[in-house]
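Residue-level listing of the chains:
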Amino acid sequence: MHFFRMLAFSLLLGSSAVHAQSFEMRRPSVSTGSTVQIIGGQPANPNAWPATLWFEGGAGFCTSTVVGPRVVLTAAHCVDNGATGNVRIGNASTSVTCDHHPGYVNDYRLDIALCLAAGEITLPNDAPYETLNVDPLRPPRSSSVTLLGYGCRRTGGGGPSRALYSGTSDVQSQADDTPYVITSGGAAVCFGDSGGGAYLSPGTGSRRLFGVNSRGDIITRSLLSAVAHPAIFRFLRDWSLEKNARICGLDASLLACRA
């Protein structure tokens with residue numbers, strides 16, 4: 001347990017909270033060069049991930065995902081509770097206000113924040129919003145998953161960010177009695193990947209966002225807050241109802257979602 005706490009703490013220190021009214025979420029640039037960003041990853045085509053955004057404030061960089069017409073998902077440690085900012089897609093911009101999972105202050109594994117947009121967020125070419133996985137049994141142990149983000153380039157940290165990379169890793173531990181899914185080997189998250197989506201990999205069915213990049217050892221292990229874990233799922237559901245904001249995967253009647 002102490003070992004995993006040390007892993008978790010290392011990434012949190014490198015991704016300080018972005019303070020209120022200091023961030024703007026945007027689409028990432030096209031990746032260039034051969035140096036990886038997701039550690040062990042490869043350049044990702046932003047057009048294949050139109051709902052994935054990056055943002056920065058005075059304290060650092062993070063990744064986020066549009067998961068509904070007015071909803072953006074990221075990590076709680078990326079934004080202050082109640083923080084406000086903007087989402088910019090092309091020439092269109094709308095303001096957002098972000099809320100932490102209420103349990104995050106006492107449990108860092110509940111590293112989830114939802115941001116409510118004042119207006120509808122339209123993705124390029126009317127692309128669909130990413131859909132959340134709601135099956136707590138997925139992903140199973142030993143399965144391969146996809147990590148996504150625009151974080152740093154080197155093992156241990158360092159190197160510029162702002163270009164989108166993805167990579168695969170294997171599930172070591174499921175989110176059964178803990179909100180974390182732990183992956184090891186292959187790709188690993190790095191500073192700046194925080195808040196980005198972790199996905200059930202192609203070949204396991206429809207693409208689904210099952211976790212949010214939270215922490216890791218910045219070498220081989222990643223700790224991901226699982227959206228289908230009961231403690232997190234209840235927050236997503238209750239927040240959606242309270243804000244009257246529909247979320248893909250939770251609202252089966254919402255048609256603008258990735259199938």
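What counts and what doesn't
Per chain, residue numbering runs from 1 following the sequence as it is written. The model is predicted, so local features are restricted to residues of pLDDT at least 70 and side-chain atom pairs to those at 80 or more, both for listing and for counting; the totals for chains, interfaces and linings are taken over all residues. Water and hydrogen atoms play no part in the side-chain values, which are based on all heavy atoms of the structure. Numbering of helices and strands runs from the N terminus; a helix is a DSSP stretch of H or I covering at least four residues, while a strand is a stretch of E covering at least two. Buried, partly exposed and exposed residues are distinguished by accessible area as a fraction of the type maximum, computed with a 1.4 Å probe on protein chains only: under 20%, between the cut-offs, and over 50%, respectively. Should any heavy atoms of two residues lie within 4.5 Å, those residues are considered in contact. Each accessible area is a Shrake-Rupley estimate made with a 1.4 Å probe; only the visible protein chains count as cover when residues are assessed. The span one expects for a helix is its residue count, reduced by one, times 1.5 Å. Working definition: the arc comes from the directions between the helix axis and the C-beta atoms, pointing outward to the latter. The pairing test for Phe, Tyr and Trp rings, Trp by its six-membered ring, is centres within 6.5 Å, and the orientation test on the planes gives stacked under 30 degrees, edge-to-face over 60, and tilted for anything in between. As a reminder, the over-ring test applies to NZ of lysine and CZ of arginine, requiring each to be within 6 Å of the ring centre and within 35 degrees of the ring normal. In this tally, Lys and Arg are treated as positive and Asp and Glu as negative; His is ignored, and so are the chain termini. Just to be clear on terms, a salt bridge is a Lys or Arg side-chain nitrogen sitting within 4 Å of an Asp or Glu carboxyl oxygen. We call a pair of cysteine sulfur atoms a disulfide whenever their separation is within 2.5 Å.

Novice: So what about the overall build of the chain? Which residues, and what values?
Specialist: Broken down by element type, the chain carries two helices and 14 strands. Here the chain, with 259 residues, has 56% of them falling under the buried criterion. Of all intrachain contacts in the chain linking residues separated by at least 6 positions in sequence, the fraction that spans at least 24 positions is 70%. Put simply, the chain shows about 10500 Å² of open surface, and 52% of that area lies on carbon and sulfur atoms.

Novice: Go over helix 2 (residues 230-243) with me, naming the residues and quoting the values.
Specialist: With 14 residues, helix 2 should cover 20 Å at 1.5 Å per step; its first-to-last C-alpha distance of 20 Å lies within 8% of that length. Inspection of helix 2 places Ala231, Ile232, Phe235, Leu236, Trp239 and Ser240 among the buried residues, and these make up the whole buried set. Along helix 2, the residues classed as buried sweep out an arc of 165° about the axis, all on the same side. On its buried face, helix 2 is in contact with strand 5 (71-74), strand 7 (92-100), strand 8 (113-117) and strand 14 (221-226). Phi for Asn244, located one or two positions after helix 2, is positive at around 55°.

Novice: Which residues make up unusual backbone geometry, and what values do they have?
Specialist: Following Arg138, the chain continues into Pro139 via a peptide bond in cis, with omega recorded as 0°. Structurally, Pro139 can be placed in the loop between strand 8 and strand 9 (144-149). Of note in the backbone geometry, Asp126 takes a positive phi value of approximately 55° without being a glycine. For Asp126, a relative accessible area of 65% puts it in the exposed group. Even without a glycine there, the phi angle at Ser142 is positive, about 75°. Relative to the helices and strands, Ser142 is located in the loop between strand 8 and strand 9.

Novice: For the packing of aromatic side chains, give the residues involved together with the corresponding values.
Specialist: Given two aromatic rings, one states the distance between the centres and the angle between the planes to describe the pair. In total, this model carries three aromatic pairs according to the counting rule given. Plain terms: the ring middles of Trp49 and Tyr199 are 4.9 Å apart, the flat faces sit at 55° to each other, and that makes the pair tilted. Of this pair, Trp49 sits in the loop between strand 2 (42-43) and strand 3 (52-57) while Tyr199 is found in strand 12 (residues 197-200), placing the two residues 150 residues apart along the sequence. The pair Trp49 / Tyr199 is uniform in exposure class, with both members buried. Judged by centre distance (6.3 Å) and plane angle (45°), the rings of Tyr108 and Tyr180 are tilted. Here Tyr108, found in the loop between strand 7 and strand 8, pairs with Tyr180, found in strand 11 (residues 180-184); they are 72 residues apart in sequence, far enough to count as distant. The ring of Trp49 carries the charged tip of Arg207 above its face, separated from the ring centre by 3.8 Å. When the ring centre of Tyr199 is taken as reference, the NZ or CZ atom of Arg207 above it lies at 5.8 Å.

Novice: Break down the environment of Leu147 for me, with residues and values.
Specialist: Counting through the fold element by element, Leu147 comes out in strand 9. Sequence spacing of Leu147 and Leu209 is 62 residues, and the spatial spacing of their C-alpha atoms is 9.8 Å.

Novice: Residues and numbers for the side chain of Arg208, please.
Specialist: For Arg208, the position within the fold is in the loop between strand 12 and strand 13 (209-216). No salt bridge is formed by the buried Arg208, whose closest oppositely charged neighbour, Glu130, lies at an N-O distance of 6.9 Å. Contact partners of Arg208, with chain neighbours within four places excluded, come to Thr131, Leu132, Asn133, Ala198, Tyr199, Leu200, Arg258 and Ala259.

Novice: Tell me about the state of the cysteines, and please be specific about residues and values.
Specialist: Evaluation of the coordinates by the stated rule reveals three disulfides. Disulfide pairing is shown between Cys98 and Cys115; the S-S distance is 2.1 Å. Between Cys98 and Cys115 the disulfide shows an S-S torsion of about 105°. By sign, it is right-handed. Of this pair, Cys98 sits in strand 7 while Cys115 sits in strand 8; the two residues are 17 residues apart in sequence, bridging distant segments of the chain. Each of the two residues, Cys98 as well as Cys115, counts as buried. Across the disulfide, Cys248 is cross-linked to Cys257 (sulfur-sulfur distance 2.1 Å). On the S-S bond that ties Cys248 to Cys257, the torsion sits near -80°, and the link is left-handed. A relative accessible area of 0% means that Cys248 is categorised as buried. By relative accessible area, Cys257 is classed as buried at 16%.

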